[in-house]
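Structural features, examined
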Amino acid sequence: MWIVFALVAAIGTAAHSFSLKLTAARGGVVVSTVAYRLVGGALLCAAVSLTGGWPPLTPGFWRAMGMVLVPEVLGMVLMALALRGGELSVIQPLSGLLPPLVMLGGFAFLGEVPTPFAAAGVAMVTLGIYCIGLRPGGSALGPIRSLAASRASWYAVGSLVAFSFATLVHKVGIAEVGPFPWGAALSLGSAAVLAAGLPWMAWREQPGLGLPARMMPWAWLVVLTGTTFAVQVAGLQLAFRLAQAGYVMAVASTSILIATALGIGFLGERSAVRTRAAGALLVTSGAALIALLG
């Protein structure tokens, strides 16, 4: 059953990345992120009410929340910056780095030992990510060199490192209060932490907090982004409760294939279509190997 939940998270992740790119293009990155997290948190609170209400918030819950908020906020801001400044079909496939990072963290901190098949799947994911960066007729070292010139790619990598740590803490929080309460508290808590910095940003960088001149198109995009985020969080938290964190992230990385198709089909990101599609399929195959034989 955890595979179904992880696939739901994959669909939510791809749709969330696509809609977040559109939202951040119309409004400020920070205010857009705060807004969609509030929408997602409200939806997850509704899910909590429908599934039995809030449990007692234990000391373990508060410790986990204190540990997770900084990497969660850092990760979401860096990813929003990456999606605003780079092509979706380049940025999103980098999320394939999450399975090896989370798997290593799970082994080191949670005692989750991967099987040889899972290690082979991680190798396929890594190779797929590298293939996505290749350009027809270019150097085999092209992806490595492009990191030196692409700020958006580095934002994405930094985001994934932060999210990999946050993912490990998610399992602790879920064990304390359950998946929906943890997801709702995480969404609202991260929005509150980020919102605390809005006055400083308005004074330092952008008057008006980055709100767009035309509110309605942006507001509808915020609702869409918050809804897809809630689907992503619900799928992940339910899957984390049932399986190893690395395995869940591996199956959820099938979002790469969906997001790459969205970037090519709807945003016109058609450069190096063949290498990107081949890399996305390789990442997805590696994730399937981890899920089915790990």
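Notes on the structure follow. As the structure is a computational prediction, the values presented were derived from the model and not from experiment. (Residues numbered from 1 in each chain as written. Predicted model: local features only at pLDDT ≥ 70, side-chain atom pairs only at ≥ 80, totals over all residues. Heavy atoms only, no water.)

**Examining the overall build of the protein chain**
- Assigned secondary structure in the protein chain consists of 14 helices and zero strands.
- The order of α-helices and β-strands along the protein chain, N terminus first, is α-α-α-α-α-α-α-α-α-α-α-α-α-α.
- Looking at the protein chain as a whole, 53% of its 294 residues qualify as buried.
- Sequence-distant contacts in the protein chain: of pairs separated by 6 or more residues, those separated by 24 or more amount to 87%.
- Here the protein chain has roughly 12,800 Å² of accessible surface; of this, 73% comes from carbon and sulfur atoms. (Helix = DSSP H or I, 4+ residues; strand = E, 2+ residues; numbered from the N terminus. Buried < 20%, exposed > 50% of the residue type's maximum accessible area, 1.4 Å probe, protein only. Contact = heavy atoms within 4.5 Å. Areas by Shrake-Rupley, 256 points an atom, 1.4 Å probe, with all protein chains shown as cover.)

**Brief notes about the pattern of salt bridges**
- Evaluated as defined, the whole model comprises two salt bridges.
- The salt bridge partner of arginine 37 is glutamate 72, with a shortest N-O separation of 3.0 Å. One end of the pair, arginine 37, is in helix α2 (residues 29–50); the other, glutamate 72, is in helix α3 (residues 59–85), and 35 residues separate them in sequence.
- Judged by relative accessible area, glutamate 72 falls into the buried class, the value being 5%.
- Notably, a salt bridge pairs lysine 171 with glutamate 112, separated by 2.9 Å at the nearest N-O pair. Pair noted here: lysine 171 is in helix α8 (residues 151–177) and glutamate 112 is in the loop between α5 (98–110) and α6 (116–132), with a separation of 59 residues, a long-range link. (Salt bridge = Lys/Arg side-chain N within 4 Å of Asp/Glu carboxyl O.)

**A short note on the nonpolar core**
- Trp2, Val68, Met79, Trp182 and Val248 are the most contacted members of the largest nonpolar core, which has 77 residues in total.
- In terms of residue count, α3 provides more of this core than any other element does, 12 residues in total. (Core = buried A, V, L, I, M, F, W, Y, C linked by side-chain atoms within 4.5 Å.)

**As for helix α12 (residues 245–252)**
- Burial analysis of α12 places eight of its eight residues in the buried class, the great majority of the element.
- Along α12, the residues classified as buried are Ala245, Gly246, Tyr247, Val248, Met249, Ala250, Val251 and Ala252.

**So, the packing of aromatic side chains**
- Tallying each qualifying case throughout the model produces three aromatic pairs.
- Ring geometry for tyrosine 36 versus phenylalanine 229: centroids 5.4 Å apart, planes at 75°, classification edge-to-face. In this pair, tyrosine 36 is assigned in helix α2 and phenylalanine 229 in helix α11 (residues 215–240), connecting sequence segments 193 residues apart.
- By relative accessible area, tyrosine 36 is classed as buried at 1%.
- Ring centres of phenylalanine 61 and tryptophan 62 lie 5.0 Å apart, and the angle between their planes is 75°; this geometry places the pair in the edge-to-face category.
- Its relative accessible area of 53% is what places tryptophan 62 among the exposed residues.
- Grouped by ring-pair contacts, the aromatic residues Phe61, Trp62 and Trp182 constitute a single cluster. (Phe/Tyr/Trp six-rings, centres within 6.5 Å; stacked < 30°, edge-to-face > 60°.)

**Here's the deal with the packing of α2 against α3**
- Interaxial distance between α2 and α3 falls to 10 Å at its minimum, and their mutual angle equals 120°. When the axes of α2 and α3 are compared, the pair comes out oblique. The element α2 and its partner α3 pack so that their crossing is right-handed. Within the contact between the two elements, α2 uses Val29, Thr33, Tyr36 and Arg37 and α3 uses Glu72, Met76, Val77, Ala80, Leu81 and Arg84.
- Here the contact of α2 with α3 is built from residues that sort into six nonpolar, one polar and three charged. (Axes fitted to C-alpha atoms, helices over the stretch in contact; angles between N-to-C directions. Parallel < 35°, antiparallel > 145°, perpendicular 65-115°, else oblique. Left-handed = near helix turned anticlockwise from the far one by under 90°. Nonpolar A, V, L, I, M, F, W, Y, C, P; charged D, E, K, R; others polar.)

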